[in-house]
Amino acid sequence: MKAYDGMFIDGAWRPAAGPDVIEVVNPADEQVIATVPAGTAEDVDAAVRAARAALPAWAATPPPERAARLAALRDRLEARRDEIAETVTAELGAPLKLSQTVHAGVPIAVAGSYAELAATYSFEEKAGNSTILHEPVGVVGAITPWNYPLHQIVAKVAPALAAGCTVVVKPAEDTPLVARLFAETVQEAGIPAGVVNLVTGLGPVAGQALAEHPGVDLLSFTGSTAVGRRIGAIATGMVKKVALELGGKSANVILPGADLARAVNVGVANVMSNSGQTCSAWTRMLVHRDHYDEAVELAAAAAAKYGDRIGPLVNAAQQQRVRGYIEKGVAEGARLVAGGPESPREKGYYVSPTVFADVTPEMTIAQEEIFGPVLSVLRYDDEEEALRIANGTVYGLAGAVWAGSEEEAVAFACRMETGQVDINGGRFNPLAPFGGYKQSGVGRELGVHGLTEYLQTKSLQF
């Protein structure tokens, strides 16, 4: 076990203000692998002060120079890709292949995309007799989750730096090690002192202090809708800008005429990826009544193949939460066709890949975000009913549509109340805006739309 010390503040590792530490547990074997300092309001204040002091110079740095620092950050992340993957596997439990391709690979791509955007985005435009300036919003407080620990940091820090903002990051307490590694790459990339700061700590302490700090101009939070509401209330009360990426209960709609086997197999893979700990996972599969039984059989067979291929959930509380949802699904009358609440291993926070059939839209497992490897398969009679079911939750983060033609799929997707829809298996695009409708959040991440979240607008009239 390694005991890490210090917070990354003003370009250096500084002793924490308090003596408390957080134990980092490997969820695959339940062993403590490290400790990190548990930050206090004093640590947060020091980090925000450093960010404010660094803001004028960084905001005045020409965009091409900011782009060069972001390119250097991308290169340093690439150079440490294997170390990043191993770290995420140790603290999150993700299989190493997933950590290499997704947990390390996606943040590298996102950092590169913002290096390009910083160099090409027009921070000034003309409108009649006015010049419109797009200026950095200021100091950003970034509170990030554990499920994609490095991606969520980079998805906030990279656009903030491209915009000319400075940042204080408070990573999730379950996965702080890759956040510390990220701070090291910030140093290596030559990003000036104070532009990026890191405080590890508990949400109710360090997170709350960052949200309430008067020196923070924008709060960017990714996590549960319940916590997002609290963050939003704090921001509103202090008249801060806020960006919230919250929960999801996304629908995977398979229309008659689609390639059923491919749609089901890709849909199951989507739900099982990262052990189901993905806010945008397509956890509701909607199938026409005529093809329902075949789809259920295909889904059960596909899920069975993931039995020894997915990692554990992040901690014991999350394992118990997901098992509770599975038990509730059974109690409410859903038919279990794969998996179940029993843990498949003696050690580690594992949950079996689970598929429910005969799920109705009002059931708890069809309405609430489970955040585990659990799929609900629902039937519909016609497209209007499919649309009502797809739109029939408080969430609207992502989704998918499969149809016999692209035109048919697009027509249905345009009626879905959700922020992102994959058409017939469309690929992930780091330049596409990501964010939700309804209680799935406020604002967008990634691409140019993610950059504009960190800008404010000024007009000059001539």
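Check the entry above for the structure.
Everything numeric here is computed off the predicted structure, so don't read it as measured data. (Residues numbered from 1 in each chain as written. Predicted model: local features only at pLDDT ≥ 70, side-chain atom pairs only at ≥ 80, totals over all residues. Heavy atoms only, no water.)

Draft legend 1. Just the packing of aromatic side chains, in detail. Counted according to the given criterion, the structure contains three aromatic pairs. Ring centres of Tyr121 and Phe123 lie 4.9 Å apart, and the angle between their planes is 75°; on these two criteria the pair is classed as edge-to-face. Accessibility assignment for this pair places Tyr121 and Phe123 in one class, buried. When the centroid spacing of 5.5 Å and the interplanar angle of 80° are considered together, the rings of Trp146 and Phe371 count as edge-to-face. Here Trp146, found in the loop between β8 (139-143) and α5 (149-163), pairs with Phe371, found in the loop between α12 (364-367) and β17 (374-380); they are 225 residues apart in sequence, far enough to count as distant. Here Trp146 matches Phe371 in class, with each residue buried. Over the ring of Phe123 we find Arg66, and its NZ or CZ is 5.4 Å from the ring centre. Between the NZ or CZ atom of Arg379 and the centre of the ring of Tyr292, over which it lies, the distance is 3.9 Å. (Phe/Tyr/Trp six-rings, centres within 6.5 Å; stacked < 30°, edge-to-face > 60°. Buried < 20%, exposed > 50% of the residue type's maximum accessible area, 1.4 Å probe, protein only. Helix = DSSP H or I, 4+ residues; strand = E, 2+ residues; numbered from the N terminus. Lys NZ or Arg CZ within 6 Å of the ring centre and 35° of its normal.)

Draft legend 2. Spatial organisation of the pattern of salt bridges. On inspection of all chains with the given rule, the structure shows 17 salt bridges. Across the pair Glu445 and Lys156 runs a salt bridge whose closest N-O atoms are separated by 2.8 Å. A residue pair is termed long-range when its members are at least 10 positions apart, and Glu445 in the loop between β20 (441-442) and α15 (447-452) and Lys156 in helix α5 qualify at 289 residues. Neither Glu445 nor Lys156 differs from the other in exposure class; each is buried. Here Lys438 ties to Glu417 by a salt bridge, and the two come within 3.2 Å at their closest N and O atoms. Here Lys438 is found in the loop between β19 (422-423) and β20, whereas its partner Glu417 is found in the loop between α14 (406-413) and β19, with 21 residues between them in sequence. The partly exposed category is assigned to Lys438, whose relative accessible area is 37%. Each of the salt bridges in this network shares a partner with another, and the network as a whole consists of Arg76, Arg80, Glu83, Glu184 and Glu188. (Salt bridge = Lys/Arg side-chain N within 4 Å of Asp/Glu carboxyl O.)

Draft legend 3. A look at the sheet that holds strand β21 (residues 455-461). Strand order across the open sheet formed by three strands is β6-β7-β21, with antiparallel pairing between neighbours. Each edge of the sheet is formed by a strand with only one pairing partner; in this case those strands are β6 (124-127) and β21. If you compare each strand with its neighbour and ignore which way they point, the axes differ by 25° on average. As defined by bridge partners, strand β7 (residues 130-136) adjoins β21 across seven bridges and the pair is classed as antiparallel. The partner of Leu133 across the bridge, within β21, is Lys458. (Pairing = 2+ DSSP bridges. Axes fitted to C-alpha atoms, helices over the stretch in contact; angles between N-to-C directions.)

Draft legend 4. View of the nonpolar core. Membership of the largest hydrophobic core comes to 64 residues, with the highest contact counts inside it found for Leu70, Leu77, Leu161 and Phe182. Leave out the neighbours within four places in its chain, and Leu161 touches Trp58, Arg66, Leu70, Val167, Ile191, Val195 and Val196. Among the nonpolar cores identified, the runner-up in size contains 29 residues, and Ile326, Leu378, Ile389 and Ala409 belong to it. (Core = buried A, V, L, I, M, F, W, Y, C linked by side-chain atoms within 4.5 Å. Contact = heavy atoms within 4.5 Å.)

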